[in-house]
Every structure is written in C-alpha cells, then in structure tokens.
Amino acid sequence: MSMILTIADLKDLARRRVPKMFFDYADSGGWTESTYRANEEDFQKIKFRQRVLVDMSNRSLESTMIGEKVAMPVALAPTGMTGMQHPDGEMLAAQAAEEFGVPFTLSTMSICSIEDVASVTKKPFWFQLYVLRDKDFVLDLIDRAKAAKCSALVLTLDLQILGQRHKDIRNGLSAPPRFTPKHIWQMATRPGWCIGMAGTKRRTFRNIVGHAKGVGDLTSLSSWTTEQFDPHLSWKDVAWIKERWGGKLILKGILDKEDALMAAKTGADAIIVSNHGGRQLDGASSSIAVLEEIADAVGDTIEVHMDGGIRSGQDVLKALCLGAKGTYIGRPFLYGLGALGKDGVTKALEIIRKEMDITLALCGKRLVTDMGKDQLRR
Ligand code: GLV
C-alpha cells in the first residue's frame, strides 16, 4: 500500500484483481476512445503559474458543492456496475466517501440498491437518475431516493441510447456474468474476487430487478438500454422530474454552451460539464476543453461542476481554475475499489488530496476556493 503513489498505480493493481470484462467496462470509451483519451490528455496542456515566498501555512481544501460542505470539491461520480469491480462495491465506496467527507453518487445502474447503500451510511448520498420508458418505475425510483434521504438528484442527460464500447461487446459483458469457458477463465484467474462475490447476494442490478415490471434479465446491457431508456426525453421532462423530486437537482452531461444556457433556465442547482467519461459521443470535445466557455456563459446563474479525465489532484485544481465549483472522479475511485476495496477508494481520495494540497502551496495559495484563472499560465 505504501508504494501506491498515483491513481495509475491503483489502476495497475485493479487490472490484476478484477475480471477482464469488468475492468474493461470501467476502462473503456465509445468507438475509437478518442474522447476518452482527450479527457486525460487535454489536462496535460494546461500549465500552472509557480509562485514563491508566499505564506503557505494553514492551507485548506474545504469548499461547498450545491451548498453542502465538502472536505475537498471532489465527489464520487455515478458509475454503472460498481459492485462488479468489488463485491458490495457501492456500499464500500459510499462509506469511504462519507468518512472522507465528500459526496457519493449512486448510479441507477448500480449493483447495490439505494436501500443497500442507505443501510450502511449515516449521511445523505446523491442519487443519479436515468429516465426509462416505464414512468411508474421512474417515479418509484425518485420516491425511493427521497425515502433514503438522498440530498441531491443527478439527472443524466447524455445517455438515452448507449454509445458503443467495443470492449464490452467483445467481452460479452453481463451482470451477473455468464458461465462460458471464456468468462469462467476470466473469473478463475481472479480468485480473491470470486471468493468475495460468492460471499455476497448482490450480483445484479438491484435498483431495477424486482422493481421494474417485466425486467428479470439485464444480461445484455446494450439491448436492455435500447428497450428501456426513453429516447423522447426532452427539456420539458426536467420540470416534472424536478417537481416530483422537490430537492437539489444536478443536470449531468452538458458539453455545449447552448445546452448550458437551457439548463440554467430550468432552475436546477448545478450542471455537470461532462461527456460521460468519453463513453458516449466519441469525437466530442474533452470536458476540460469546453469548461471555461460554459462556466463563463452560465457560472453566474448556476453552479458549474465537471467530470471526465481527472486522474490527479492537479487536474482537479485546473478544473477549479477554469470555473468549476466542484468535480467528480469515476475511474480513479473504481480502480481503487477494484484494487483494494474500501481502503482503495480512501487511497484514491488521499492521493488526490495530497496532490491538491502540494500544488496549491506551490501555486502560492492557501485556500482552494481562491484558485482561479490567474493561477494558470496562458
Ligand atoms: C453507464 O452509465 C455507462 O456509461 O456504462
């Protein structure tokens, strides 16, 4: 553990511990994966200004996201099938986030259910909603999130149909996994994972199976989303979802200034500048490349968050400098989870916190909330 110094170290370990089909599910983008790569690469082009002889004492990474106090402005992103990276993955990640003092967002497409996560946490977590054709099921999901005292609803706007990820098709991805020779081999070579999975009852999409009518088998994620996700979703739907929910609402998946302006008019509390981790429209811009333009356009009227490509605390600070009030990490915490379970999620957060703290100091700042465009070399 002491030689795990970067998110890349956690990724290497996760690759050795998680069956290939699930590791690849996290580590994949749409089609050529060009947007997935750009999300990471574009951060590298941004440079800080180094400042010296500034009082560096009493530094703080504390901030707020949608009015909630956070130990650092880095939430755990909603990620599908997290409980397949590690048994009971969502429950463990939520506990790690709670102990660290950052928000955890549970995906609709999670393995552990809203109720599972609520049963092991004390503070409210956030719930991400996909809108399905079955409106009764959607209303029920919203009500379940309310009953679990979730403090924000994160409505995803960019996945009414699933982008094609070649790795998932080649791997024959499913949850629970099929028992073909290929899949048995992938699991048999990861014995720790198998033992853990044998010890939990949470092996399918527990927000959905047993709740949505006529859904027992989600083995083909892509055909299931094609059948069930509502392709008619429009800006008008945001209004009824907002009303039914009645709490803090975050709109996820904005990558264009015009859409950001529309989102700001809905009365939502925040938007997430996001291309779904490069998993949806391959060939779209990286999130960090469009963040500044969007934040400049709507930052005065709605809180702006971002995700996509963050692999270090430096990336978080760059996003804050360009106008984000908060950020999300998906793959970094999944790699931590796959590598070392709950401790790995904590480790991912600690790595990011340390990188943020040292960078803040060397940029000549004491408060993370003071980071702005002036701290970048342009
Ligand atoms: C689900 O959100 C996915 O990107 O697979």
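Rules used throughout
- Residues numbered from 1 in each chain as written.
- Predicted model: local features only at pLDDT ≥ 70, side-chain atom pairs only at ≥ 80, totals over all residues.
- Heavy atoms only, no water.
- Helix = DSSP H or I, 4+ residues; strand = E, 2+ residues; numbered from the N terminus.
- Expected span 1.5 Å × (residues − 1).
- Buried < 20%, exposed > 50% of the residue type's maximum accessible area, 1.4 Å probe, protein only.
- Arc of directions from axis to C-beta.
- Contact = heavy atoms within 4.5 Å.
- Axes fitted to C-alpha atoms, helices over the stretch in contact; angles between N-to-C directions.
- Parallel < 35°, antiparallel > 145°, perpendicular 65-115°, else oblique.
- Core = buried A, V, L, I, M, F, W, Y, C linked by side-chain atoms within 4.5 Å.
- Near = heavy atom within 4 Å.
- Polar contact = N/O pair within 3.5 Å; in protein donor to acceptor, adjacent residues only side chain to side chain.
- Nonpolar A, V, L, I, M, F, W, Y, C, P; charged D, E, K, R; others polar.

### Notes on helix 13 (residues 287-298)
For step 1, the next point in the chain: The end-to-end C-alpha separation of helix 13 is 16 Å, in line with the 16 Å expected for twelve residues at 1.5 Å each.
For step 2, the next point in the chain: If you check which residues of helix 13 are buried, you get Ser 287, Ile 288, Val 290, Leu 291, Ile 294, Ala 295 and Val 298. For helix 13, the arc enclosing every buried residue in end-on projection is 145 degrees, short of the 170-degree limit, so these residues lie on one face.
For step 3, the next point in the chain: Along its buried surface, helix 13 packs onto helix 3 (34-44), strand 8 (248-254), helix 12 (257-265), strand 9 (270-273), strand 10 (303-307) and helix 14 (313-321).

### Brief notes about the packing of helix 3 against helix 13
For step 1, the next point in the chain: Their axes nearest at 7 Å, the elements helix 3 and helix 13 cross at an angle of 65 degrees. What the angle tells us is that helix 3 and helix 13 run roughly perpendicular. Every residue of helix 13 that contacts helix 3 at Asn 39, Asp 42 and Phe 43 is listed here: Ser 287, Ile 288 and Ala 289.

### Section: the nonpolar core
For step 1, the next point in the chain: With 108 residues, the main nonpolar core has Leu 129 and Ile 271 as its most contacted residues.
For step 2, the next point in the chain: Per-element tally for this core: the top contributor is helix 15 (residues 331-362), with twelve residues.
For step 3, the next point in the chain: Sequence-distant contacts of Leu 129, defined by excluding residues within four places in its chain, comprise Thr 108, Val 138, Leu 141, Ile 142, Leu 153, Val 154, Leu 155, Thr 156 and Ile 241.

### So, the site of the ligand
For step 1, the next point in the chain: With respect to spatial proximity, the complete set of residues near the ligand consists of Tyr 25, Tyr 130, Leu 159, Arg 165, His 276 and Arg 279.
For step 2, the next point in the chain: Side-chain polar atom of Tyr 25 to an oxygen atom of the ligand: 2.6 Å apart, as the coordinates give it.
For step 3, the next point in the chain: At 2.8 Å from an oxygen atom of the ligand is found a side-chain nitrogen or oxygen belonging to Arg 279.
For step 4, the next point in the chain: Classifying every residue of the shell around the ligand by side-chain character gives three nonpolar, one polar and two charged.

### Quick word on the side chain of Thr 200
For step 1, the next point in the chain: Along the chain, Thr 200 falls in the loop between helix 9 (191-198) and helix 10 (221-228).
For step 2, the next point in the chain: Polar contacts involving the side chain of Thr 200 include one to the side chain of Asp 88, which spans 2.6 Å.
For step 3, the next point in the chain: Polar side-chain contacts of Thr 200 include one of 3.0 Å to the backbone nitrogen of Arg 202.
For step 4, the next point in the chain: Those residues within four positions of Thr 200 in sequence are excluded, and the remaining contacts are Pro 87 and Asp 88.

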